[in-house]
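Remarks on the overall topology
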Amino acid sequence: AKAFDRQCGFNMAVTLTGVKIGAMACADGWDNLVLPAVSASASADGFDATLDLQAENLASDEIEEGTKTKNAGLGAAIASGFILGTFFLELQQLLHLHGCPSHEG
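Here is a short report on the structure shown in this document. (Residues numbered from 1 in each chain as written. Predicted model: local features only at pLDDT ≥ 70, side-chain atom pairs only at ≥ 80, totals over all residues. Heavy atoms only, no water.)

On to the pattern of salt bridges, then. Across all of its chains, the model carries 2 salt bridges by this definition. The salt bridge involving R6 is made with D28; its shortest N-O contact spans 3.5 Å. Remark: D28 occurs in the loop between β4 (25–27) and α1 (38–43) and R6 occurs in the segment before β1 (7–9); sequence separation between them is 22 residues. Here R6 falls in the partly exposed class, since its relative accessible area comes to 38%. For D28, a relative accessible area of 61% translates into the label exposed. A salt bridge links K68 to E64; the shortest N-O distance between them is 3.4 Å. You can see K68 and its partner E64 sitting in helix α2 (residues 60–97), 4 residues apart, about one turn around the helix. (Salt bridge = Lys/Arg side-chain N within 4 Å of Asp/Glu carboxyl O. Helix = DSSP H or I, 4+ residues; strand = E, 2+ residues; numbered from the N terminus. Buried < 20%, exposed > 50% of the residue type's maximum accessible area, 1.4 Å probe, protein only.)

Spelled out as structure tokens, the structure:
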């Protein structure tokens, strides 16, 4: 078997109806690789590929894990904002009550 030593790739475009994939192109190096536009590949030699990214076609375990990770991250950000906001409001009130001069310029 002959070794295949080329760099290949393709463009993708997200549309309202799904993800359209352009034609694959290969070159001897990354610097020489020119990827055709998705719209150009759809008209050239009849190639037209669309990925159907509906929930039933995706790995439900990975979606569930991603959802949990997203929710945990956003929950931590909300809690941190609330805690820091409360801390700085209390600090401002404490400094105001003790008569500390403000730093108005």
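Quick look at the side chain of Q7 now. As for its placement among the helices and strands, Q7 is situated in strand β1. Apart from residues lying up to four places away in sequence, Q7 is in contact with A25, C26, A27, D28, G29, W30 and L33. (Contact = heavy atoms within 4.5 Å.)

Time to look at a nonpolar patch on the surface. Taken together, L84, F87, F88, L91, L94 and L95 make up a surface patch of nonpolar side chains, about 560 Å² in accessible area. Of note, L84 is situated in helix α2. On the basis of relative accessibility, which here comes to 48%, the residue L84 falls in the partly exposed class. (Patch = residues over 30% accessible without salt bridge, like charges linked within 9 Å, V, L, I, M, F, W, Y side chains within 5 Å. Areas by Shrake-Rupley, 256 points an atom, 1.4 Å probe, with all protein chains shown as cover.)

Enumeration over the complete set of coordinates arrives at 1 disulfide. The side chain of C8 participates in a disulfide bridge whose partner is C26; the two sulfur atoms lie 2.0 Å from each other. With the S-S bond torsion at 110°, the cross-link from C8 to C26 turns out right-handed. Of this pair, C8 sits in strand β1 while C26 sits in strand β4, placing them 18 residues apart in sequence. The class for C8 is partly exposed, based on a relative accessible area of 25%. (Disulfide = S-S within 2.5 Å.)

Here the focus is α2. The end-to-end C-alpha separation of α2 is 55 Å, in line with the 56 Å expected for 38 residues at 1.5 Å each. G99, located one to two residues past α2, shows a positive phi value of around 75°. (Expected span 1.5 Å × (residues − 1).)

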